[in-house]
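Take a look at the letters that make up each chain.
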Amino acid sequence: MYLPPHDPHVDDPMRFKPLFRIHLMERKCATVECMYGHKGPHNGHIQILKKDEFSTKCNQTDHHRMSGGRQEEFRTWLREEWGRTLEDIFHEHMQELILMKFIYTSQYDNCLTYRRIYLPPSSLDDLIKPGLFKGTYGSHGLEIVMLSFHGKKAKGTKITGDPNIPAGQQTVEIDLAHPLQLPDVENLRDFSELSRIVLEVQEQVRREEQEEEHRQEEEDHSQQAVSQPAANPLGGEGAEGEETAAGAEGTTQDKAPASRPFVLPMGVISRNEDYPRTCRICFYGTGLIAGHGFTSPERTPGVFVLFDDDRFGFIWLELKSFSLYSRIKVSFQNAEAPSREAFDEMLKNIQSLAT
């Protein structure tokens, strides 16, 4: 398992932790060992579920327990996962979130399901290369996000989640059609000035969406009023319009300005004060927030800040919070990986042995 670095050091490398291992014997026999816990390897099991999915199960979960009970397990987990002790954490809300995460993750005892992640395709028109990024999420610590591009939009999807926003949800969405012209550094320090700029763009986006809905309704009525042969050319024109808009958007991104000074407004909280002091370009965007258990989710306005090819940030306007993201550059070569065919054959042998 690859774990993010300790909060809030997003530029540090990922941490490696073995979860299970497979011993290949003669005559295609194999044994599986669970590596979870602190008592050494012990008996485990692997099962293929379907394409790109398998599960692991520990057969000796007592090996995961510690003599000091759950309290010792929690303190050990805290040192390993967060790089700190319970005494280091003074914020009551943060203590609550960390405890919730420990309870959630420890209940599985390394009985886990694994699904393959398909990385997004890359295009020459993309603002930066898509991929996986480590990001700061306040009291939740560091989380993994996948950045992808979809025409006029860019999306950040959570690969790891938290008690508020689970994995798989779109944490941020960037509107590449609406770049933001931020004020100079001195005026940027004023949060109310930044808020005014962002809310004006939000209102503009809302009006454009209403106009687009109205235009679409009129087109639908027109198509219903004419015969089918006459409707086809209209459809063709619509497709051409979309293509032209996408092409125009690509040229807009190519004209990104050179780096300019950047500073966070006063009152905006950042877990990492070592953020870049220059940026290339900013866009209007929205960020997803919710209560515990993903209750009452809503998209709120914010600012996407592109620093360089490997780092970007997002200012959550409503939360007065800043997230810094850094690209994951690990090559995932801690062990020599067999070919896909050899790995599939190995899993089949294990499964047949178990049955």
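As annotated in an unreviewed UniProt entry, the chain carries the name FBX31 protein and comes from Grus americana. According to its UniProt record, the chain has this under Pathway (unreviewed entry): "Protein modification; protein ubiquitination."

1. A word on the packing of helix H1 (residues 69-82) against helix H2 (residues 92-106)
In contact at an axis separation of 11 Å, H1 and H2 are set at 105 degrees when each is read in the N-to-C sense. Regarding the angle of H1 to H2, the classification is roughly perpendicular. Touching Arg-70, Glu-73, Phe-74, Trp-77, Leu-78 and Trp-82 of H1 are Met-94, Ile-98, Leu-99, Lys-101, Phe-102, Thr-105 and Ser-106, all from H2. Here the contact of H1 with H2 is built from residues that sort into eight nonpolar, two polar and three charged.

2. Side note on the side chain of His-64
Relative to the helices and strands, His-64 is located in the loop between strand S6 (53-58) and H1. In this structure the side chain of His-64 is engaged in a polar contact, spanning 3.1 Å, whose partner is the side chain of His-42.

3. Some words on the environment of Asp-11
Counting through the fold element by element, Asp-11 comes out in the loop between strand S1 (2-3) and strand S2 (15-16). In the structure, Asp-11 is positioned 316 residues away from Arg-327 in sequence and 8.0 Å away in space, judged by C-alpha atoms. Apart from the residues within four sequence positions on either side, Asp-11 is in contact with Lys-134, Arg-311 and Ser-326. Only 2.8 Å separates the side chain of Asp-11 from the side chain of Ser-326, close enough to count as a polar contact.

4. Some details on unusual backbone geometry
A cis amide bond links Asp-7 to the next residue, Pro-8, at an omega of 5 degrees. Checked against the element boundaries, Pro-8 lands in the loop between S1 and S2. Here the phi dihedral of Asp-52 falls at roughly 65 degrees; this positive angle occurs in a residue that is not glycine. Take Asp-52: its relative accessible area is 17%, and that puts it in the buried class. Positive phi is not limited to glycine here, since Lys-320 has a value of about 50 degrees.

5. Quick notes on H2
End to end, H2 covers 21 Å across 15 residues, agreeing with the expected 21 Å (1.5 Å per residue, within 8%). Looking only at H2, the buried set comprises Met-94, Leu-97, Ile-98, Phe-102 and Ser-106. For H2, the buried positions fall inside an angular range of 150 degrees around the axis, keeping them on one side. The exposed set on the far side of H2, more than 90 degrees from its buried face, consists of Glu-92 and Tyr-104. On the buried face of H2, the contacting elements are H1.

6. Here we look at the packing of aromatic side chains
This model, assessed by the stated rule, comprises 18 aromatic pairs. The interplanar angle of 70 degrees and the centroid separation of 5.9 Å between the aromatic rings of Phe-20 and Tyr-114 together place this pair among those described as edge-to-face. On the criterion of sequence distance, the pair formed by Phe-20 in strand S3 (residues 20-24) and Tyr-114 in strand S7 (residues 112-115) is long-range, its members being 94 residues apart. Accessibility expressed as a relative area gives 24% for Phe-20, which makes it partly exposed. Judged by relative accessible area, which is 22%, Tyr-114 ranks as partly exposed. When the centroid spacing of 6.1 Å and the interplanar angle of 80 degrees are considered together, the rings of Phe-262 and Tyr-275 count as edge-to-face. Placement of the pair is Phe-262 in the loop between strand S12 (260-261) and strand S13 (269-270) and Tyr-275 in the loop between S13 and strand S14 (278-279), with a sequence separation of 13 residues. Accessibility assignment for this pair places Phe-262 and Tyr-275 in one class, buried. Seen from the ring of Tyr-137, Lys-158 lies directly overhead, with NZ or CZ sitting 4.5 Å from the centre. The ring of Tyr-275 carries the charged tip of Arg-277 above its face, separated from the ring centre by 3.8 Å.

7. What about the sheet that holds S3?
One open sheet holds the five strands; their spatial order is S3-S4-S5-S6-S7, and the pairing between them is antiparallel. Strands with a single pairing partner mark the edges of an open sheet, and in this sheet they are S3 and S7. Neighbouring strand axes in the sheet, compared pairwise and without regard to direction, differ in orientation by 35 degrees on average.

8. A few points about the state of the cysteines
Taken as a whole and judged by the stated rule, the model has zero disulfides. Just so you know, Cys-58 is unpaired, no disulfide at all, and the nearest cysteine sulfur is the one on Cys-34, 3.9 Å from it. On the basis of relative accessibility, which here comes to 5%, the residue Cys-58 falls in the buried class.

9. Observations regarding the pattern of salt bridges
Taken as a whole and judged by the stated rule, the model has 22 salt bridges. Between Arg-21 and Glu-33 there is a salt bridge whose closest N-O contact spans 2.7 Å. With a gap of 12 residues between them, Arg-21 in strand S3 and Glu-33 in strand S4 (residues 30-34) connect regions that are remote in the sequence. Here Glu-173 makes a salt bridge to Lys-153, at a shortest N to O gap of 3.8 Å. Of this pair, Glu-173 sits in strand S11 (residues 170-180) while Lys-153 is found in strand S10 (residues 153-158), placing the two residues 20 residues apart along the sequence.

Scoring rules and cut-offs
- Residues numbered from 1 in each chain as written.
- Predicted model: local features only at pLDDT ≥ 70, side-chain atom pairs only at ≥ 80, totals over all residues.
- Heavy atoms only, no water.
- UniProt positions renumbered as here; feature names shortened; annotations may be inferred.
- Axes fitted to C-alpha atoms, helices over the stretch in contact; angles between N-to-C directions.
- Helix = DSSP H or I, 4+ residues; strand = E, 2+ residues; numbered from the N terminus.
- Parallel < 35°, antiparallel > 145°, perpendicular 65-115°, else oblique.
- Contact = heavy atoms within 4.5 Å.
- Nonpolar A, V, L, I, M, F, W, Y, C, P; charged D, E, K, R; others polar.
- Polar contact = N/O pair within 3.5 Å; in protein donor to acceptor, adjacent residues only side chain to side chain.
- Buried < 20%, exposed > 50% of the residue type's maximum accessible area, 1.4 Å probe, protein only.
- Expected span 1.5 Å × (residues − 1).
- Arc of directions from axis to C-beta.
- Phe/Tyr/Trp six-rings, centres within 6.5 Å; stacked < 30°, edge-to-face > 60°.
- Lys NZ or Arg CZ within 6 Å of the ring centre and 35° of its normal.
- Pairing = 2+ DSSP bridges.
- Disulfide = S-S within 2.5 Å.
- Salt bridge = Lys/Arg side-chain N within 4 Å of Asp/Glu carboxyl O.

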